[in-house]
Amino acid sequence: MSTLEVKNLHVTIEGKKILKGVNLVMHTGEIHAIMGPNGTGKSTLSETIMGNPAYKVTQGEIFLDGKDILKMPVDERARAGLFLAMQYPAEIPGITNAEFIRGAINARRPQDDQLPIRQFLKDLDQAMEVLDMTEEMAERHLNEGFSGGEKKRNEILQLMMIKPKFAILDEIDSGLDIDALKVVSRGVNQMRGPEFGSLIITHYQRLLNYIVPDVVHVMMDGRIVKQGGPELAKKLEDEGYAGLRDELGLDI
Ligand code: ADP
Ligand code: MG
Ligand code: MG
């Protein structure tokens, strides 16, 4: 079992305080959700866990299996088992989707244990079938001309192929119609198991009907203000963030 621990994390962007003491512990085998209003720091937390240098950690620590990862660059964190599906996936012309994914897998494996191409193609076929993706999407340039929904599906394809220890999914549901949402959820649910943990960031409870989390965290104004089970997401859907603000007596 692996553990990801965020301890009293404070983060600034361009001198502005965004995260103000975030604490979070998760293990493989668990799915956690973070909900919270726009602009509250959810993407900041995911980018900071993954190591985006634009986000300055001014206080606190992030541990992966007890090892402080804050000094590791992004690629080292990826090799250590972290994965981020971004809110806005980048388009990279000049490299096909399949080449990109194979490169990402092999970059995480030792030189003398690279994934054989036939195995790769077989796994890719299976994953694409789960995600209802057409074969031609593997040969297209990475995210180039992909619709919003196709990009999100593609992030889940990468996730299924790379098989990280911990995957952060930042608003994977935004811009998805209900069918695409079900497909994406099917991919994530297929990953569930003792070797895999996921932190799912969303505005809406809807996604959590399909990927039922073990723990729900609510983030407001750069802090986690409440934790609970899946019922907390339903309560938020009914009462809104304003209801929770009143309940907690928050002035934000
Ligand atoms: P969320 O994902 O919860 O919507 P974000 O983490 O994206 O929130 O943003 C938190 C706050 O940080 C917002 O006020 C946003 O405007 C600000 N912010 C995010 N990225 C940048 C940036 N690159 N430069 C300046 N401010 C930023
Ligand atoms: Mg946002
Ligand atoms: Mg965001």
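Residues numbered from 1 in each chain as written. Chains lettered and ligands numbered in written order. Predicted model: local features only at pLDDT ≥ 70, side-chain atom pairs only at ≥ 80, totals over all residues.

- Labelled according to an unreviewed UniProt entry, the chain appears under the name ABC transporter ATP-binding protein, originating from Liquorilactobacillus ghanensis DSM 18630.

**Here's the deal with the sheet that holds strand S10 (residues 197–202)**
Item 1. In spatial order, the strands read S6-S9-S10-S3-S11-S12; together these six strands make up an open sheet with mixed pairing. The open sheet has two edge strands with one neighbour each: strand S6 (82–85) and strand S12 (223–228). Taken over all neighbouring pairs, the strand axes of this sheet differ in orientation by 20 degrees on average, direction set aside.
Item 2. Strand direction decides the pairing type here: strand S3 (residues 31–35) and S10, joined by five bridges, are parallel. Bridge pairing in S10 links His32 to Leu199.
Item 3. In this fold helix H6 (residues 148–162) packs onto S6 and strand S9 (166–170), with an angle of close to 165 degrees to the strand it touches most, S6. (Pairing = 2+ DSSP bridges. Helix = DSSP H or I, 4+ residues; strand = E, 2+ residues; numbered from the N terminus. Axes fitted to C-alpha atoms, helices over the stretch in contact; angles between N-to-C directions. Contact = placed C-beta atoms within 7 Å.)

**Quick word on the pairing of S3**
Item 1. Among the five residues in S3, five count as buried, and that is most of the element.
Item 2. Of the two faces of S3, the one holding Ile31, Ala33 and Met35 and the one holding His32 and Ile34 are both buried throughout. (Buried ≥ 20, exposed ≤ 12 C-beta atoms within 10 Å, placed from the backbone.)

**Observations regarding the sheet that holds strand S2 (residues 16–27)**
Whenever strands of a sheet pair, they do so through backbone hydrogen bonds, lying parallel or antiparallel.
Item 1. Read from one edge of the open sheet, four strands run S2-S1-S4-S5, paired in antiparallel fashion. Of all the strands in the sheet, just S2 and strand S5 (67–68) have a single pairing partner and so form its edges.
Item 2. When strand S4 (residues 56–64) meets S5, the two strands line up antiparallel, connected through two bridges. Note that in S5 the partner of Leu64 across the bridge is Lys67.
Item 3. Where helix H1 (residues 42–50) meets the sheet, its contacts fall on strand S1 (3–13), S2 and S4, and the angle it forms with S1 comes to roughly 115 degrees.

**Side note on the environment of Ile49**
Item 1. Relative to the helices and strands, Ile49 is located in helix H1.
Item 2. In this structure the C-alpha to C-alpha distance between Ile49 and Phe63, which are 14 residues apart in sequence, comes to 9.5 Å.
Item 3. Each residue touching Ile49, except ones within four places of it in the same chain, is listed here: Val6, Ile62, Leu82 and Ile168.

**Some points on the pairing of S2**
Item 1. When S1 meets S2, the two strands line up antiparallel, connected through nine bridges. From the neighbouring strand, His10 faces S2, where its bridge partner is Lys20.
Item 2. Turn length for the S1-S2 hairpin, with the two strands adjacent in sequence and antiparallel, is two residues, and the turn residue Glu14 shows positive phi of about 45 degrees.

**Some words on the site of ligand 1**
Item 1. The environment of ligand 1 is made up of 13 residues, and the closest members are Gly39, Thr40, Lys42, Ser43 and Thr44.
Item 2. Elements represented by at least two residues in the shell around ligand 1 include exactly S2 and H1.
Item 3. Looking at the shell around ligand 1, the element that brings in the most residues is H1, giving three residues.
Item 4. Of the residues that constitute the shell around ligand 1, the class distribution is three nonpolar, seven polar and three charged. (Near = placed C-beta within 6 Å. Nonpolar A, V, L, I, M, F, W, Y, C, P; charged D, E, K, R; others polar.)

**Observations regarding the packing of helix H4 (residues 117–130) against H6**
Item 1. Contact geometry of H4 with H6 gives a least axis separation of 10 Å together with a crossing angle of 135 degrees. Taken together, the axes of H4 and H6 lie oblique to each other. Between H4 and H6 lies a crossing of right-handed hand. Residues Asp123, Leu124, Ala127 and Met128 of H4 lie in contact with H6, whose contacting residues are Leu157, Met160 and Met161.
Item 2. Taken together, the residues of the contact of H4 with H6 sort by class into six nonpolar, no polar and one charged. (Parallel < 35°, antiparallel > 145°, perpendicular 65-115°, else oblique. Left-handed = near helix turned anticlockwise from the far one by under 90°.)

**So, the UniProt feature "domain: ABC transporter" (unreviewed entry) in the chain**
Item 1. Look at the UniProt record and you will see "domain: ABC transporter" (unreviewed entry) annotated at residues 4–246.
Item 2. Structurally, residues 4–246 is divided into 39% helix and 30% strand, and its ends, taken at the C-alpha atoms, are 31 Å apart. (UniProt positions renumbered as here; feature names shortened; annotations may be inferred.)

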